[in-house]
Each structure stands twice: as C-alpha cells, then as structure tokens.
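An overview of the molecular structure
So the chains spell out like this:
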Number of protein chains: 2
Amino acid sequence: METLLKVLKEKGYKITPQRIAIYRVLNNTKEHPSAEIIYKKLEKEFPTMSLATIYKTLEIFKKSGLVQELNVGENSFRYDANVKDHPHIICLKCNKVDDLPENLFTHLKDEVGKVSDYKVLSKQLYFYGYCPVCKGE
Amino acid sequence: METLLKVLKEKGYKITPQRIAIYRVLNNTKEHPSAEIIYKKLEKEFPTMSLATIYKTLEIFKKSGLVQELNVGENSFRYDANVKDHPHIICLKCNKVDDLPENLFTHLKDEVGKVSDYKVLSKQLYFYGYCPVCKGE
DNA sequence: TTTAAATGGATAATTATTTTCTTTTAAGAA
DNA sequence: TTCTTAAAAGAAAATAATTATCCATTTAAA
C-alpha cells in the first residue's frame with residue numbers, strides 16, 4: 001500500500017479514497033477481478049462511485065506499473081496487483097484464475113529471442129484445464 | 001481445404017461459398033486476422049456478406065476445431081487456421097502477430113500439471129517485443 | 001425434384017469500455 | 001487554516017466488438 005502512495009505521488013497523480021480502495025481490493029485478493037467485480041466489491045463502501053472511475057483508475061495503475069492486465073480469453077479484462085511476470089492457470093469449468101509460481105519458465109524469453117529475430121520484452125503464459133475442485137466432477 | 005469440407009460434413013454443417021471463402025482467407029495467411037479484417041478481405045468477392053456471417057462462421061469453425069481464437073491483448077480476437085498448439089509473438093509497435101515453432105515448449109503443460117493440482121489441458125503462450133523491422137528504429 | 005432444416009443478411013440488441021461534461025476534491029500556496 | 005486551481009469523480013452518452021433475432025433463400029438428403 002505504501003507502494004501505491006509512493007508511485008502516485010512520484011508520477012504526480014492525486015491520492016484519492018477511490019484509488020486507495022481500488023488498489024486495496026486488488027492487493028488483497030488472489031482472484032484477479034475484472035473492473036465490474038471491483039465495482040461490485042466497492043459499491044457498499046462507495047455507493048456513488050461509477051464504473052468509469054474504476055476504468056480510469058485501472059488505466060493509471062497500468063501505466064504506472066501498479067497492476068497488470070490479464071487477457072485470459074474472456075470478454076473482459078482481469079487485473080492483478082502482482083506485477084511480477086508470472087504464469088496463470090484458468091479453470092475451464094468455474095473460470096477461476098490462479099497464479100503459477102513466478103520462477104517457472106523464466107528462461108523462455110531468452111529462448112524465444114534466439115529463434116525469432118524479435119527483441120523479446122515480456123510474455124503472458126496462460127494454461128487451461130480443470131481446477132482441483134472441478135476436476136473431480 | 002479438404003479438411004474444411006470433411007469436418008463440416010462430419011459435424012452436419014452445410015458447405016457454403018461464404019464458409020469456404022472465410023476458411024480460405026484464414027488458411028492462406030500468416031497474419032492472424034480479426035473478424036473485421038477477414039470481412040474487409042472478402043468484401044470485393046462477397047459484397048453482400050455481413051459481419052454477422054463472419055462471426056457465426058468463426059464460431060462454427062471454433063467449435064469444430066478448424067480454427068483457434070487468439071487473445072493477444074487487443075480489443076478484438078484474432079483467428080488462426082493452424083490449430084496446433086503453438087506460441088505467438090506480438091510486435092508492440094506494429095502489432096504484427098507471428099507464429100513461433102510448435103515444438104518450442106511442448107513440455108510446459110506437464111510441468112504445470114506437476115506444480116498446480118490442475119488437470120492441465122491446453123495453453124496459450126504470448127511473447128511481446130519488437131519485430132525485426134521495428135526493433136531497428 | 002421435393003422439402004425440411006440450416007444459413008445468410010439486415011438490423012437490433014448487448015456488453016465492455018471510453019469519452020464528455022459538470023461538479024467536487026486534493027494538495028500546495030498564501 | 002483558508003484559498004486557489006488543476007485534477008479527479010460521477011453521471012450519462014458514445015463507441016466498438018460481438019451476439020441475437022427474424023425472415024427470405026439456399027443447401028443437402030431422400
């Protein structure tokens with residue numbers, strides 16, 4: 001949370017209750033919520049906050065490196081306050097999105113650089129299957 | 001192309017000029033076009049074809065395993081007639097999407113299965129950077 | 001050739017996201 | 001602490017991609 005305050009100040013953005021709340025939601029969950037979900041989680045505490053504020057805030061967070069945007073193949077984006085480069089795994093039945101260990105596959109970027117002629121900067125790795133709960137059904 | 005005819009027949013879908021044309025576009029390109037792009041590529045040949053037809057057809061192709069849908073982080077999907085599980089690399093400047101060799105990283109699914117308690121079925125690997133053209137600028 | 005079922009095309013409807021505009025607020029200056 | 005003001009919030013309208021609906025037409029199987 002100090003991270004949030006420090007970064008916002010650094011970049012010249014104002015520190016507002018809404019921004020703090022949105023960051024808190026993201027920082028306290030492992031579930032990689034969408035804008036809509038964040039909105040619902042905060043509607044009791046901030047009854048007047050609009051979805052536009054969520055989107056604008058997420059945009060700022062993204063630009064500032066405070067969150068990363070995930071594209072797991074749904075019709076909306078999800079957000080993760082863990083900005084370290086780490087893979088995700090998605091349950092095809094319950095649509096849960098879990099983290100995978102960050103140290104898994106750290107070497108892949110270099111290998112791709114060798115075979116591709118691209119200057120490789122980042123990656124997004126998504127695995128799909130059935131989660132521990134759903135695979136038993 | 002025989003694949004298309006065989007699969008459609010197998011699954012009980014009718015073979016129509018539009019479907020053949022859409023599959024032809026996808027099968028003859030490496031550029032992973034979106035629905036919109038496919039639409040534009042075919043508008044001379046099929047001036048009356050609507051975008052809805054493209055979307056409906058892509059849905060059928062997807063369900064039938066004739067194409068795969070890519071989610072490279074844009075606001076629209078891209079489509080690939082190469083349904084083999086292979087990684088992609090996206091240029092952050094010109095937005096080109098290239099294929100990476102299929103045999104790269106075939107073992108990853110098993111490794112994830114070991115550490116995750118998921119039953120892992122598939123994966124999507126996206127790398128980001130600058131393409132050979134753009135990296136020189 | 002016949003005919004039921006599937007498809008295509010036009011259009012309206014959805015859904016996620018972005019923009020616009022007005023009011024409110026955070027943060028530094030006085 | 002109060003004042004000032006640019007930035008932010010909120011409401012509502014606008015976009016853009018995608019999906020659904022409806023009906024005339026086409027396809028494929030008998």
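Residues numbered from 1 in each chain as written. Chains lettered and ligands numbered in written order. Predicted model: local features only at pLDDT ≥ 70, side-chain atom pairs only at ≥ 80, totals over all residues. Heavy atoms only, no water.

**Overview of the pairing of strand β3 (residues 88-91) of chain A**
All names here are of chain A. Here β3 shows no split at all, with H88 and I90 on one side and I89 and C91 on the other all buried. Bridge count for β3 against strand β4 (residues 97-99) is three bridges, and the pairing is antiparallel. Along β4, the bridge assignment pairs H88 with D99. As defined by bridge partners, β3 adjoins strand β5 (residues 119-130) across four bridges and the pair is classed as parallel. Note on β5: the bridge partner recorded for H88 is Y126. (Buried < 20%, exposed > 50% of the residue type's maximum accessible area, 1.4 Å probe, protein only. Helix = DSSP H or I, 4+ residues; strand = E, 2+ residues; numbered from the N terminus. Pairing = 2+ DSSP bridges.)

**Some thoughts on unusual backbone geometry**
Its identity as a non-glycine residue notwithstanding, H32 of chain A has a phi of 55°, on the positive side. Its location among the elements puts H32 of chain A in the loop between α2 (17-27) and α3 (35-42). Non-glycine residue F105 of chain B carries a positive phi angle of around 65°. Mapped onto the elements, F105 of chain B comes out in the loop between β4 (97-99) and α5 (108-116). The class of F105 of chain B is buried, set by a relative accessible area of 2%.

**Description of the sheet that holds strand β5 (residues 119-130) of chain B**
Within a sheet, neighbouring strands are paired by backbone hydrogen bonds and run either parallel or antiparallel to one another. One open sheet holds the six strands; their spatial order is β4(A)-β3(A)-β5(A)-β5(B)-β3(B)-β4(B), and the pairing between them is mixed. Each edge of the sheet is formed by a strand with only one pairing partner; in this case those strands are β4 of chain A together with β4 of chain B. Averaged over all pairs of adjacent strands, the angle between strand axes in this sheet comes to 25°, irrespective of strand direction. Docked against the sheet, helix α5 (residues 108-116) of chain A engages β5 of chain A together with β3 (88-91) and β5 of chain B, running at close to 120° with respect to β5 of chain A. Relative to β5 of chain B, α5 of chain B is tilted by about 120°, and along the sheet it contacts β3 and β5 of chain A together with β5 of chain B. (Axes fitted to C-alpha atoms, helices over the stretch in contact; angles between N-to-C directions. Contact = heavy atoms within 4.5 Å.)

**Here's the deal with the side chain of H88 of chain B**
All names here are of chain B. Looking at the element boundaries, H88 is found in strand β3. Of note is the side chain of H88, whose polar atom sits 3.1 Å from the side chain of D80. Within the structure, H88 has its side chain in polar contact with the side chain of H86 (distance 3.0 Å). With residues up to four places along the chain from it excluded, the contact list for H88 reads H32, L70, D80, V97, D98, D99, L100, L125, Y126 and F127. (Polar contact = N/O pair within 3.5 Å; in protein donor to acceptor, adjacent residues only side chain to side chain.)

**Concerning the UniProt feature "binding site: Zn(2+)" (unreviewed entry) in chain A**
Residues and elements named next belong to chain A. UniProt records the feature "binding site: Zn(2+)" (unreviewed entry) at C91, C94, C131 and C134, using the numbering of this structure. The greatest C-alpha distance among the residues just named is 8.1 Å, despite their covering 44 residues of sequence, which places them together in space. By secondary structure assignment, the location of C94 is in the loop between β3 and β4. Judged by relative accessible area, which is 37%, C94 ranks as partly exposed. Here C134 shows up in the segment after β5. Those residues in contact with C134 that sit more than four places away from it in its chain are C91, K93 and C94. (UniProt positions renumbered as here; feature names shortened; annotations may be inferred.)

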